[in-house]
Amino acid sequence: MRDAPREPLRERLFDLLLWMLLGVPVLLKSDPNDGGSWTRVAAGLVVLAGCVAVSRRWPLVSLAVTVAASLPATLELFTPSYSLALVAFGYLAGRRQEHTRAALWLFGVIAVAGLVLTSVTGTSLGQWFTLLLVLALAVVAPWLIGRYVRQYDRLVRSGWELADRMEREQAAVADRERLRERSRIAGDMHDSLGHDLALIAIRAGALEVSPELGPEQQRAAGELRRAAAEATGRLRDIIGVLREDDAAAPTSPPGETVEELVARARASGLAVSLATTPVPTLPGMSGLALHRVVQEGLTNAAKHAPGAAVTVTVAPEAADVRVEVVSGPGADRPPRAGSGSGGRGLVGLDERVRLAGGTLTHRTTGDGGFALAAVLPRKAPAPLPAAPTSARELDRARREVRKGLARAIWVPLALLAALGTLMAGVALWTQAQSYLEPEAYAKIRIGQTLAEMDEATDDWPEHPLDGAPQAAPPEPAGMDECRYYRSTMLAAIPVYRLCFVGGHLADKAEVP
């Protein structure tokens, strides 16, 4: 708990240092010795303090206030006092702002506001182009860098979160596999021990009624039969204890074949016959399921139809093998689905057959007996691949980061490209407004007024150039005014120079 206040304290120290750093240009460029005033210095420091204070919660507000403080000084947006603040708050807006749409709207509003102010004040469009350039370099570029840093941190954070989630998932999978293995072991023990206990009860029942034994021996055989029945009933509790025990247990299934299983049941006194020999060998889960189907059928016959005849049939086909265990009517009712040691008999067997790729059915025969049948594939089904959860999560995180980078970089770059196209269009339009066609230049004569020259030509330019080009020769002496017009649309030189005296053309020349 002692480390909790460290993060807010670190943030306050960072904000204080940022304010001090951004206040240095204000102190250097706005003090009275540099043409400023202490009032302007205090106002600038207060504005920067407020911007730093709200930059964590509303970073775009800080950027907008800094732009508003810069525009009154110059429409070109570049001021020595606030240029560093523009760069800093542009970066922090990209670093701290979640969404990009509001920032793009702000950039558009700044560009439109600069154009409106240029029109209102009557200044040239060159200042607006400078504003757009400063906006791109001092605001948008740091904002893009901040967005990139934010997306990179997000990717790193997503990677760590994904790694932590994968560790938890792996632990959960390991626990689930342990529980599944315990359940499988319990099912194997139920099938094997239940079958063996049923055969013991049959042998004990045969000894109990044997005339060759005396009363004491018959009574002991009866107690043995009852003990085997009680042991079968307590088997569920033993399996439950096994499922909660962390100790390792043997997992290998019994290695006996179907023929050996039937022979052992016959030796125990069960009237069972095998209609198919030899029984085909199936690989993997199918072979184990075949053994379990025969074992479960014999166990049910021993429990519910003692003394009844049992027939085991294994019918091999091209793609699968059909096994059926049919028992005659007995003293007890035939087992229902899910019967046998608390409902784990046929239910567990059905799951085992399903995992092997087969199907299990059971029914009551016409004479009151019971039939258990299964169809098992000769070729084991291919295991289903594990769902690549981690790969999907990582791919999703990467896609989200790519989308964020696209919104953070390509959208502003597209906006800048549109602004550049607009600037080029405006520049061409401005040049067209000051372009004097060579045919029109040839028609004008010395002594004409501007109105007469406009009438003599088909398309007189709307505006002259702002001034003489650089390295232009000196103007003739005694002229009241000289105007310069472009002689070509794209090249800056040469230009046409028209000089006037008393409103009449006194000199015309093409100057480099």
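In the block above lies the structure referred to throughout.
Residues numbered from 1 in each chain as written. Predicted model: local features only at pLDDT ≥ 70, side-chain atom pairs only at ≥ 80, totals over all residues. Heavy atoms only, no water.

Asker: Please explain the overall build of the chain as it appears in this structure.
Answerer: Each helix and strand in the chain was counted, giving 13 helices and eight strands. Here the chain holds 512 residues, and 37% of them are scored as buried. Summing over all exposed atoms, the chain offers an accessible surface of approximately 28700 Å²; the carbon and sulfur share of this is 61%. (Helix = DSSP H or I, 4+ residues; strand = E, 2+ residues; numbered from the N terminus. Buried < 20%, exposed > 50% of the residue type's maximum accessible area, 1.4 Å probe, protein only. Areas by Shrake-Rupley, 256 points an atom, 1.4 Å probe, with all protein chains shown as cover.)

Asker: Would you take a moment to explain the pattern of salt bridges for this structure?
Answerer: Side-chain pairs of opposite charge can arise where the charged atoms are in close proximity. Under the definition given, this model contains five salt bridges. Between aspartate 153 and arginine 95 there is a salt bridge, with the nearest N and O atoms lying 2.4 Å from each other. In this pair, aspartate 153 sits in helix H6 (residues 125-208) while arginine 95 sits in helix H4 (residues 83-96), placing the two residues 58 residues apart along the sequence. (Salt bridge = Lys/Arg side-chain N within 4 Å of Asp/Glu carboxyl O.)

Asker: Is there a simple way to explain the sheet that holds strand E3 (residues 320-327) in this structure?
Answerer: Across the sheet, which stays open at both edges, the five strands sit in the order E1-E2-E3-E5-E4 with mixed pairing between neighbours. Both edges of this open sheet fall to strand E1 (272-274) and strand E4 (359-364), since each of them pairs with a single strand only. For this sheet the average axis-to-axis angle between neighbouring strands, irrespective of direction, equals 15°. Note that E4 and strand E5 (residues 370-377) share six bridges and pair antiparallel. Within E5, the residue paired with threonine 364 across the bridge is phenylalanine 370. Helix H8 (residues 258-267) rests against E1 and strand E2 (310-316) of the sheet, and its axis sits at about 155° to E1. (Pairing = 2+ DSSP bridges. Axes fitted to C-alpha atoms, helices over the stretch in contact; angles between N-to-C directions. Contact = heavy atoms within 4.5 Å.)

Asker: Would you explain the nonpolar core in this entry?
Answerer: The tendency in soluble globular proteins is for nonpolar side chains to be buried side by side. Counting residues in each nonpolar core, the largest one holds 35 residues, and the members touching the most others are Leu22, Leu63, Leu77, Phe89 and Phe107. Elements with a minimum of two residues in this core: helix H1 (6-29), helix H2 (38-54), helix H3 (59-70), H4, helix H5 (101-121) and H6. Per-element accounting of this core gives the leading share, eleven residues, to H6. In this view, leucine 77 contacts Val67, Ser70, Leu71, Leu86, Leu131, Val134 and Leu135; residues no more than four positions away in its chain are not counted. Core analysis: the next-biggest nonpolar cluster, separate from the first, contains 34 residues, Leu261, Val279, Val293 and Leu298 among them. (Core = buried A, V, L, I, M, F, W, Y, C linked by side-chain atoms within 4.5 Å.)

Asker: Help me understand the side chain of glutamine 448, please; the structure alone is not making it clear to me.
Answerer: On the secondary structure map, glutamine 448 appears in the loop between helix H12 (438-443) and helix H13 (450-456). Of the residues examined, glutamine 448 reaches a relative accessible area of 16% and is grouped as buried. Separated by 2.9 Å, the side chain of glutamine 448 and the backbone nitrogen of arginine 445 make a polar contact. Setting aside residues no more than four positions away along its own chain, glutamine 448 makes contact with Lys443, Met453, Ala456, Phe500, Gly503, His504 and Leu505. (Polar contact = N/O pair within 3.5 Å; in protein donor to acceptor, adjacent residues only side chain to side chain.)

Asker: Could you clarify how one ought to interpret H8 in this entry?
Answerer: Three- or four-residue spacings in an α-helix give side chains the same orientation, since the helix completes a turn every 3.6 residues. Taken together, the buried positions of H8 are Val258, Leu261, Val262 and Ala265. End-on, the buried residues of H8 take up no more than an arc of 95°, which puts them together on one face. Directly beyond the C-terminal end of H8, a positive phi value near 110° is found at glycine 269. (Arc of directions from axis to C-beta.)

Asker: Looking at this model, I keep getting lost on a nonpolar patch on the surface. Mind explaining?
Answerer: Together, Val47, Trp58, Val61 and Val65 give the surface a local cluster of nonpolar side chains, amounting to about 310 Å² of exposed area. Along the chain, valine 65 falls in helix H3. (Patch = residues over 30% accessible without salt bridge, like charges linked within 9 Å, V, L, I, M, F, W, Y side chains within 5 Å.)

Asker: Explain a negative patch on the surface to me, please; I cannot follow it from the model alone.
Answerer: The grouping of Glu437, Glu439, Glu452, Asp454, Glu455, Asp458, Asp459 and Glu462 at the surface amounts to a negative patch. In terms of residues, the negative patch owes the most to one element, H13, which gives three residues. Within the fold, aspartate 459 resides in the loop between H13 and strand E6 (481-486). Judged by relative accessible area, which is 52%, aspartate 459 ranks as exposed. (Lys, Arg positive; Asp, Glu negative; His and termini not counted. Charge placed at Lys NZ, Arg CZ, Asp CG, Glu CD.)

Asker: Explain the environment of serine 70 to me, please; I cannot follow it from the model alone.
Answerer: For serine 70, the position within the fold is in helix H3. What makes serine 70 buried here is its relative accessible area of 0%. Spatially, the C-alpha atom of serine 70 lies 8.3 Å from that of serine 81, the residues being eleven residues apart in sequence. Among residues more than four places away in sequence, those in contact with serine 70 are Leu77, Thr79, Tyr82 and Leu86. A distance of 2.9 Å separates a polar side-chain atom of serine 70 from the backbone oxygen of threonine 66.

Asker: What's the story with the packing of aromatic side chains in this structure? I'm lost.
Answerer: Pairs of aromatic rings are described using the distance from one ring centre to the other and the angle between the two planes. Counted according to the given criterion, the structure contains three aromatic pairs. Plain terms: the ring middles of tryptophan 460 and tyrosine 485 are 5.7 Å apart, the flat faces sit at 65° to each other, and that makes the pair edge-to-face. On the criterion of sequence distance, the pair formed by tryptophan 460 in the loop between H13 and E6 and tyrosine 485 in strand E6 is long-range, its members being 25 residues apart. Taking the relative accessible area as the measure of exposure, tyrosine 485 reaches 1% and is therefore buried. (Phe/Tyr/Trp six-rings, centres within 6.5 Å; stacked < 30°, edge-to-face > 60°.)

Asker: Can you help me understand the packing of H3 against H5 in this one?
Answerer: Axes are the key here: two packed helices are described by the angle between their axes and the distance separating the axes. Between H3 and H5, whose axes approach to 11 Å, the crossing angle comes to 10°. Between H3 and H5, the crossing angle belongs to the class labelled roughly parallel. Mapping the contact onto sequence places Leu60, Leu63, Ala64 and Val67 in H3 and Ala102, Ala103, Leu106, Phe107 and Ile110 in H5. In terms of residue class, the contact of H3 with H5 is made up of nine nonpolar, no polar and no charged. (Parallel < 35°, antiparallel > 145°, perpendicular 65-115°, else oblique. Nonpolar A, V, L, I, M, F, W, Y, C, P; charged D, E, K, R; others polar.)

Asker: Honestly, the pairing of E2 in this entry has me stumped. Any pointers?
Answerer: A regular strand carries its side chains on alternate faces of the sheet. Sheet topology places E1 next to E2; three bridges connect them, and they run parallel. The residue bridging valine 272 from the neighbouring strand is valine 310, located in E2. Looking at chain direction, E2 and E3 are connected through seven bridges and run antiparallel. Residue pairing for E3: threonine 311 is matched across the bridge by valine 326. Where E2 hands over to E3, the hairpin turn is made up of three residues, counted between the paired strands.

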